[in-house]
Amino acid sequence: MSLITAQHIHKSYGNLHVLNDVSVDIHKEEIVAITGASGAGKSTLLHILGTLDKADSGTLTIEKTEVLRLSDKKLSAFRNKNIGFVFQFHHLLPEFTALENICIPAFIAGQKKKEAIEKAMELLCLLKIEERATHKPSQLSGGEQQRVAIARALINNPAIILADEPSGNLDSKSAHELHQLFLALRENLKKTFVIVTHNTQLAQMSDRILDMKDGKIV
């Protein structure tokens, strides 16, 4: 069953045509890697699939909702509930602890503080970093920061996790552990992953590889 369907997506920035008639289906509980050289359009496609950016033309359906027809307010609420994001540089807020960083999307969604904290601690335990709950990002290793970012992406129980070069800032051991973690989360939590990566090992562990060149899937 398709969880995400994008059809005939075009995107330009000025005179630069970044995406050229891209169509893709992402199925439930699938791990899909998007690969290609720098400038091929990988991150732009991921941001459009995640509703962080809007296509110039085309259609995008997520969980049976035509998201491009939603108002900005409804789109933000939809994104918060249905999509989790993991980025290369984590984007953790430095003044907050690991636990507090994880809770932020839950608070935005209107969850009660006690429930959000309980869920965040469950995720910290699942990701085996519960002893780091009160540490701030500067006190965490790169691998630990990335696990906190993954917990934050999972806090609202979204069906879809989008990851942009998630292991790009990690050493080889931490990167391998991250890749194994994605497989375990798909198995245990029934999540769907779309991952932009230059990492050949991570791409090969995916169910499907979409290779991009010059704004197209080849």
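Above this text you will find the structure in question.
By convention here, each chain's residues receive numbers from 1 onward along its written sequence. In keeping with the model being predicted, local features are shown solely for residues with a pLDDT of at least 70 and side-chain atom pairs are shown and tallied solely at 80 or more, while totals for entire chains, interfaces and linings include all residues. Side-chain metrics in this entry use all non-hydrogen atoms of the structure; hydrogen atoms and water are not considered.

1. Brief notes about the environment of Asn156
Put simply, the rule is: Comment: elements are numbered from the N terminus, with helices defined as DSSP H or I runs of at least four residues and strands as E runs of at least two. Note on exposure labels: buried denotes an accessible area under 20% of the residue type's maximum, exposed denotes more than 50%, and partly exposed covers the range between, all computed with a 1.4 Å probe on protein chains only. Whenever a nitrogen or oxygen atom comes within 3.5 Å of another N or O atom, the pair is scored as a polar contact, on the condition that within protein one atom can donate a hydrogen and the other can accept it, and that pairs from neighbouring residues in sequence are kept only if both atoms are in side chains.
Within the secondary structure, Asn156 is located in the loop between helix H5 (142-154) and strand S7 (160-164). On the basis of relative accessibility, which here comes to 15%, the residue Asn156 falls in the buried class. Note: C-alpha distance between Asn156 and Leu181 (25 residues apart in sequence) is 18 Å. A polar contact is formed between the side chain of Asn156 and the backbone oxygen of Pro105, at a distance of 3.1 Å.

2. Comments concerning the packing of aromatic side chains
To keep it simple, the criterion reads: Within 6.5 Å between ring centres, the rings of Phe, Tyr and Trp (the latter by its six-membered ring) count as paired, and their orientation is classed by plane angle as stacked under 30 degrees, edge-to-face over 60, tilted in between.
Evaluated as defined, the whole model comprises two aromatic pairs. Each ring, one from Phe85 and one from Phe87, has its centre 6.0 Å from the other, and the planes form 5°; the classification is stacked. Grouping residues by exposure puts Phe85 and Phe87 together as buried. Centre to centre, the rings of Phe182 and Phe193 are 5.0 Å apart; their planes meet at 45°, and the pair counts as tilted. Here the residue Phe182 occupies a position in helix H6 (residues 172-189), and Phe193 occupies one in strand S8 (residues 192-196), the gap between them amounting to eleven residues. For Phe182, a relative accessible area of 2% translates into the label buried. Take Phe193: its relative accessible area is 1%, and that puts it in the buried class.

3. Topic: the nonpolar core
Filter applied, for reference: Only buried Ala, Val, Leu, Ile, Met, Phe, Trp, Tyr and Cys residues count toward a nonpolar core, and they belong to the same one when joined by side-chain atoms within 4.5 Å. By the convention used here, residues are in contact when the closest approach between their heavy atoms is within 4.5 Å.
Ile150 and Phe182 are the most contacted members of the largest nonpolar core, which has 34 residues in total. Counting residues per element, this core draws most heavily on H5, which supplies six residues. Apart from residues no more than four positions distant in its own chain, Ile150 is found in contact with Val86, Leu127, Leu178, Leu181, Phe182 and Leu185. Counting 32 residues, the second-largest nonpolar core is a separate cluster that includes Val32, Phe78, Ile160 and Val196.

4. Focus on the sheet that holds strand S10 (residues 216-217)
Pairing between the strands of a sheet comes from backbone hydrogen bonds, and it takes one of two forms, parallel or antiparallel. Applicable threshold: By definition, two strands form a pair when at least two bridges between them are found by DSSP.
As summarised here, the arrangement of the six strands in space is S6-S7-S8-S3-S9-S10, forming an open sheet in which the pairing is mixed. Of all the strands in the sheet, the pair left with one neighbour each is strand S6 (83-87) and S10. As paired elements, S6 and S7 share five bridges and run parallel to each other. For Gly84, the partnering residue across the bridge sits in S7 and is Ile161.

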